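The residues making up each chain are set out below.
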Amino acid sequence: MHTIKAAFLDRDGTINVDKGYIGSPDDIELIPGAAEGIKLLNDAGYTVFGVSNQSGVARGFYRVEDVLAVNRRVEELLLMEKARITEIFYCPHHPRGSAPEYSIMCNCRKPLTGMVDAARHKYGFTPADTIVIGDKICDVELGRNIGARTALVDTGFGVEEKVKIDGGEAAAPDIFAPNLLEAVTAILRMQRRG
Ligand SMILES: [Mg+2]
Ligand SMILES: [Zn+2]
């Protein structure tokens, strides 16, 4: 086991525009600043992973192969801007889906930590310094569950989720930021201060 700095980023609504249950690579459109934010993380020595709840599989909207094709497209578009994601992990499950094999209570649907555990196991590391950024409360809760610094972005569902947090429905992240680039900038500044 080696120690690395790791960033776990939500996909839909954080990296790419959330068009709702995206099953086709043609529907991938990066959010402005997302590639730049990921590149900043790369340059600061972070290994970047995606962690994405894809219950569209359990709900029968699309297949695992479609998720993989969409993930590849996201990674390709980012690479064109020199931003590197090591792997996008996804949870295809939902307790009340329609596809029986995926309609289970799993341990990987955020805010549970299964995708982070899978990344640690597959790449054999202990995260020394961990960041989680997303547009939903489940992303913030995932970060809290693994002891990460957390940021909630305004893109995707972020504005609606912030209203719930402000109303006391869920715990606040370390940082609220307009988008991924601003979130990364603020968190890196925070990490430098220790
Ligand atoms: Mg999201
Ligand atoms: Zn799962």
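A brief report on the enclosed structure follows.

1. Points about the overall build of the protein chain
No. 1: Each helix and strand in the protein chain was counted, giving 6 helices and 6 strands.
No. 2: Sequence-ordered secondary structure for the protein chain, helices as α and strands as β, is β-α-β-α-β-α-β-α-β-α-β-α.
No. 3: Computed over C-alpha atoms, the radius of gyration of the protein chain comes to 16 Å, within 12% of the 16 Å expected from 2.2 N^0.38 for 194 residues, which places it in the range of a compact globule.
No. 4: Projected onto its principal axes, the C-alpha positions of the protein chain cover 50 × 40 × 35 Å.
No. 5: Out of the 194 residues belonging to the protein chain, those deemed buried represent 43%.
No. 6: Contacts spanning at least 24 positions in sequence make up 69% of the contacts within the protein chain whose residues lie at least 6 apart.

2. Quick word on the sheet that holds strand 1 (residues 2-9)
No. 1: One open sheet holds the 6 strands; their spatial order is 3-2-1-4-5-6, and the pairing between them is parallel. The two strands at the open ends of the sheet, each matched to only one other strand, are strand 3 (87-91) and strand 6 (175-177). Ignoring which end each strand starts from, the neighbouring axes of this sheet average 25° apart.
No. 2: Lying on the sheet, helix 6 (residues 180-193) is in contact with strand 4 (125-134), strand 5 (149-153) and strand 6; it crosses strand 5 at an angle near 155°.

3. Overview of unusual backbone geometry
When glycine is set aside, most residues are seen to have a negative phi, and most peptide bonds are trans.
No. 1: Looking along the chain, the bond that leaves Lys-110 and enters Pro-111 is cis, with omega of 15°.
No. 2: Along the chain, the position of Pro-111 falls in the loop between strand 3 and helix 3 (114-123).
No. 3: Positive phi values are uncommon outside glycine, yet Tyr-21 reaches one of about 45°.
No. 4: If you trace the backbone, Tyr-21 turns up in the loop between strand 1 and helix 1 (34-43).
No. 5: A positive phi angle, close to 60°, is found at Lys-82, a residue other than glycine.
No. 6: Take Lys-82: there are 12 C-beta atoms within 10 Å of it, and that puts it in the exposed class.

4. What to know about the packing of helix 1 against helix 6
Two measures define how a pair of helices packs: the angle their axes make with one another and the distance between the axes.
No. 1: Their axes nearest at 7 Å, the elements helix 1 and helix 6 cross at an angle of 25°. As judged from the angle between their axes, helix 1 and helix 6 are roughly parallel. Counted together, Ala-34, Glu-36, Gly-37, Leu-40 and Leu-41 of helix 1 and Leu-180, Leu-181, Ala-183, Val-184, Thr-185 and Leu-188 of helix 6 form the full contact between these two elements.
No. 2: The class makeup of the residues in the contact of helix 1 with helix 6 is 8 nonpolar, 2 polar and 1 charged.

The rules we used
Residues numbered from 1 in each chain as written. Chains lettered and ligands numbered in written order. Predicted model: local features only at pLDDT ≥ 70, side-chain atom pairs only at ≥ 80, totals over all residues. Helix = DSSP H or I, 4+ residues; strand = E, 2+ residues; numbered from the N terminus. Rg over C-alpha atoms; globule rule 2.2 N^0.38 Å. Buried ≥ 20, exposed ≤ 12 C-beta atoms within 10 Å, placed from the backbone. Contact = placed C-beta atoms within 7 Å. Pairing = 2+ DSSP bridges. Axes fitted to C-alpha atoms, helices over the stretch in contact; angles between N-to-C directions. Parallel < 35°, antiparallel > 145°, perpendicular 65-115°, else oblique. Nonpolar A, V, L, I, M, F, W, Y, C, P; charged D, E, K, R; others polar.

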